[in-house]
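What follows is the residue order along each chain.
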Amino acid sequence: ISVEKTGYYAPIKYVTFSSWNSTSTNNIELLPSHSTLVNVYLDGKPVGGALVRFMDEFTFSNTQIGITDNNGQYKFNLPEDYYSVYVDYFYDNMHYVYIGNYTPYYNSTVNISLSQGVIFSGYVYYGNVPLAGAGVMLFHGKNFLRVYTNGSGYFSAYVPRGSYSVGVVGYNATTSQP
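Because the structure is a prediction, the values reported are computed rather than measured.

Taken in spatial order, the three strands of this open sheet run S14-S13-S16, and their pairing is antiparallel. Each edge of the sheet is formed by a strand with only one pairing partner; in this case those strands are strand S14 (143–148) and strand S16 (165–169). Strand-to-strand, the axes of this sheet are offset by a mean angle of 20°, without reference to chain direction. The pairing of strand S13 (residues 135–140) with S16 spans five bridges and is antiparallel. Paired with Phe139 across the strands is Ser165, a residue of S16.

So this is what it looks like as structure tokens:
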């Protein structure tokens, strides 16, 4: 189910019906939102084809992803919240990236300059057992990126060069261990 109204945001809601003539009543909350224009640049030039992600860091319920047009732009409709921002662009056999954070306000524009990325990867274990689905936080100053481990406990991301602090949040529901 999808709802659109100018100036508001409604997350897409998925509904499953268990039988042919079953019914479902669903409430859809419209949240006031802000138009946010993102401009992505590499060496001062607009970049088309960059992947831009805004992830709601308080509820994790609102993640929006877009790809910039040939003018290096993509417009998001974001409810007011605190977002981590991640941009990845692959060009000439290299990844160029950006990590930041953002709180939207009325009709705003965000200008992002990409820098060369390096891969940051590793494994997360609890004892000798790989931890699947663990949230790995990569802190770079006041900015951060959240990634998740796969079934083997492995994570990877392209990040700008620099120093990082790493935090891990994980839970194994089978053994009730952190």
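So that's the structure; there's more coming.
The relation between two aromatic rings is expressed through the spacing of the ring centres and the mutual angle of the planes. One pass over the structure, following the stated rule, counts eleven aromatic pairs. Between Tyr123 and Tyr154, the ring centres sit 5.1 Å apart and the planes meet at 55°, which makes this aromatic pair tilted. One end of the pair, Tyr123, is in strand S10 (residues 115–123); the other, Tyr154, is in strand S15 (residues 154–160), and 31 residues separate them in sequence. Owing to a relative accessible area of 28%, Tyr154 belongs among the partly exposed residues under this scheme.

We now examine the pairing of strand S2 (residues 31–42). Bridge count for S2 against strand S6 (residues 73–79) is seven bridges, and the pairing is antiparallel. Bridge pairing in S6 places Val38 opposite Tyr74. Relative to strand S9 (residues 108–113), S2 runs parallel, the two being bridged by six bridges. Bridging from a neighbouring strand, Tyr41 pairs with Ser113 of S9. As judged from the two bridges shared by S2 and strand S3 (residues 45–46), these two strands associate in the antiparallel manner.

Our focus in this paragraph is the confidence of the model for the protein chain. Of all residues in the protein chain, 79% have pLDDT values of 70 or greater, and the mean over the chain is 84. Within the protein chain, the lowest mean pLDDT, 64, falls on strand S1 (residues 8–9), and the highest, 98, falls on S3.

Here we come to the nonpolar core. Counting residues in hydrophobic clusters, the biggest one holds 18 residues, and the most contacted among them are Val40, Phe54, Val87 and Leu114. Counting residues per element, the ones that place at least two in this core are S2, strand S4 (51–56), S6, strand S7 (83–91), strand S8 (94–102) and S9. In terms of residue count, the dominant contributor to this core is S7 (four residues). Setting aside chain neighbours within four positions, we find Leu114 in contact with Val40, Tyr41, Leu42, Val47, Val87, Tyr89, Tyr96, Val97 and Tyr98. Of all hydrophobic cores here, the second largest spans 14 residues; its members include Ile99, Val124, Val136 and Val159.

Considering the arrangement of structural elements, one finds Thr149 in the loop between S14 and S15. Residue Thr149 is classed as buried on the basis of its relative accessible area, which comes to 7%. Reaching out from Thr149, the side chain makes a polar contact with the backbone nitrogen of Ala134 at a distance of 2.8 Å.

Our next topic: the environment of Leu42. Residue position: Leu42 is located in strand S2. Judged by its relative accessible area of 11%, Leu42 falls in the buried class. C-alpha separation for the pair Leu42 and Gln116, spaced 74 residues apart in sequence, amounts to 9.4 Å. Leu42 has contacts with Val47, Tyr89, Tyr91, Tyr96 and Leu114, leaving out every residue within four places of it along the chain.

Scoring rules and cut-offs
- Residues numbered from 1 in each chain as written.
- Predicted model: local features only at pLDDT ≥ 70, side-chain atom pairs only at ≥ 80, totals over all residues.
- Heavy atoms only, no water.
- Pairing = 2+ DSSP bridges.
- Helix = DSSP H or I, 4+ residues; strand = E, 2+ residues; numbered from the N terminus.
- Axes fitted to C-alpha atoms, helices over the stretch in contact; angles between N-to-C directions.
- Phe/Tyr/Trp six-rings, centres within 6.5 Å; stacked < 30°, edge-to-face > 60°.
- Buried < 20%, exposed > 50% of the residue type's maximum accessible area, 1.4 Å probe, protein only.
- pLDDT = per-residue confidence, 0-100.
- Core = buried A, V, L, I, M, F, W, Y, C linked by side-chain atoms within 4.5 Å.
- Contact = heavy atoms within 4.5 Å.
- Polar contact = N/O pair within 3.5 Å; in protein donor to acceptor, adjacent residues only side chain to side chain.

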